[in-house]
Amino acid sequence: MEEKAKLNLLEKYNLTDGEEKALVIDAVSAINRGENKFKVLHGLAFALTALRMNQELSDGAKDLLNYLNKPDINAELEKMDVVFVAE
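Every value quoted in this text rests on a predicted model; they were computed, and no experiment measured them.

With respect to the secondary-structure elements, leucine 64 resides in helix H4 (residues 59-68). On the accessibility criterion, leucine 64 (2% relative accessible area) is buried. In this structure, the C-alpha to C-alpha distance between leucine 64 and asparagine 74, residues ten residues apart in sequence, is 15 Å. The residues contacting leucine 64, other than those within four sequence positions of it, are Tyr13, Leu15, Val24, Leu44 and Leu48.

With that out of the way, let us pick up H4. Listing the buried residues of H4 in full gives Gly60, Ala61, Leu64, Leu65, Tyr67 and Leu68. The buried residues of H4 all sit within an arc of 160° when viewed along its axis, so they share a single face. Relative to its buried face, H4 has exposed residues pointing more than 90 degrees away, namely Asp59 and Asn66.

Interhelical geometry of helix H2 (residues 18-32) versus helix H3 (residues 37-54) gives an angle of 170° and a closest axis separation of 9 Å. Judged on the interaxial angle alone, H3 and H2 are roughly antiparallel. Between H2 and H3 lies a crossing of right-handed hand. Contacts from Glu19, Glu20, Leu23, Val24, Ala27, Ala30 and Ile31 in H2 reach Lys37, Val40, Leu41, Leu44, Ala47, Leu48 and Leu51 in H3. Partitioning the contact of H2 with H3 into residue classes produces eleven nonpolar, no polar and three charged.

Now for the packing of aromatic side chains. Tallied over the full model, the rule gives zero aromatic pairs. Above the plane of the ring of tyrosine 67 lies lysine 12, whose end atom (NZ or CZ) is 5.9 Å from the centre.

What follows concerns the side chain of asparagine 8. If you trace the backbone, asparagine 8 turns up in strand S1 (residues 5-8). Separated by 3.0 Å, the side chain of asparagine 8 and the backbone nitrogen of leucine 10 make a polar contact. Separated by 3.1 Å, the side chain of asparagine 8 and the backbone nitrogen of glutamate 11 make a polar contact. Not counting residues within four places of it along the chain, the set of residues in contact with asparagine 8 comprises Val85, Ala86 and Glu87.

Criteria and thresholds
- Along each chain, residue indices are assigned from 1 in the same order as the chain's sequence is written.
- In view of the model being predicted, local features appear only for residues whose pLDDT reaches at least 70, and side-chain atom pairs are presented and counted only at 80 or more, with totals across whole chains, interfaces and linings using the full set of residues.
- Heavy atoms throughout the structure, all of them, feed into the side-chain values; hydrogens and water do not.
- Strands are runs of DSSP state E lasting at least 2 residues, helices are runs of H or I lasting at least 4, and numbering of each runs from the N terminus.
- Whether a residue is buried, partly exposed or exposed follows from its accessible area with a 1.4 Å probe, protein chains only, as a fraction of its type maximum: under 20%, in between, or over 50%, in that order.
- Residue contacts are defined here by distance: any two heavy atoms, one from each residue, within 4.5 Å place the two residues in contact.
- This arc is taken over the directions from the axis of the helix to the C-beta atoms.
- Throughout, an axis means a line fitted to C-alpha atoms (over the contacting stretch in the case of helices), and angles, computed between N-to-C directions, take values from 0 to 180 degrees.
- Note on terminology: angles under 35 degrees are roughly parallel, angles over 145 are roughly antiparallel, angles of 65 to 115 are roughly perpendicular, and the others are oblique.
- Helix crossings fall into two classes, left-handed where the near helix is turned counterclockwise from the far one by less than a right angle and right-handed where it is turned clockwise.
- For this classification, the nonpolar set comprises Ala, Val, Leu, Ile, Met, Phe, Trp, Tyr, Cys and Pro, the charged set comprises Asp, Glu, Lys and Arg, and every other residue, Gly included, is treated as polar.
- Geometry of aromatic contacts follows a simple scheme: Phe, Tyr and Trp rings, the Trp one being its six-membered ring, pair when their centres are within 6.5 Å, and the pair is stacked under 30 degrees between planes, edge-to-face over 60, tilted otherwise.
- Any Lys NZ or Arg CZ that is within 6 Å of a ring centre and within 35 degrees of that ring's normal is treated as a charge sitting over the ring.
- Between N or O atoms, a polar contact is any pair within 3.5 Å; within protein, one atom must be a potential hydrogen donor and the other a potential acceptor, and residues adjacent in sequence are included only when both atoms are from side chains.

Below, the structure is given as structure tokens:
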């Protein structure tokens, strides 16, 4: 059986801020527990947007939020055959 590629959101978006990192870790944990990845990632976008109201987001978090808010994100996520990780 071929191992799926891993997508580490913390590394890809260079997330080191405690709150941003915690949101991503929680989202990845939910996906890996079997939660619907579309709902979880949309929830992550909502949480990052809410966080942005209280503090300046890091550049990486801004990039992640922009990515999650793309109009065609569901189609792109559907095509992704990866395991989400946050280490």
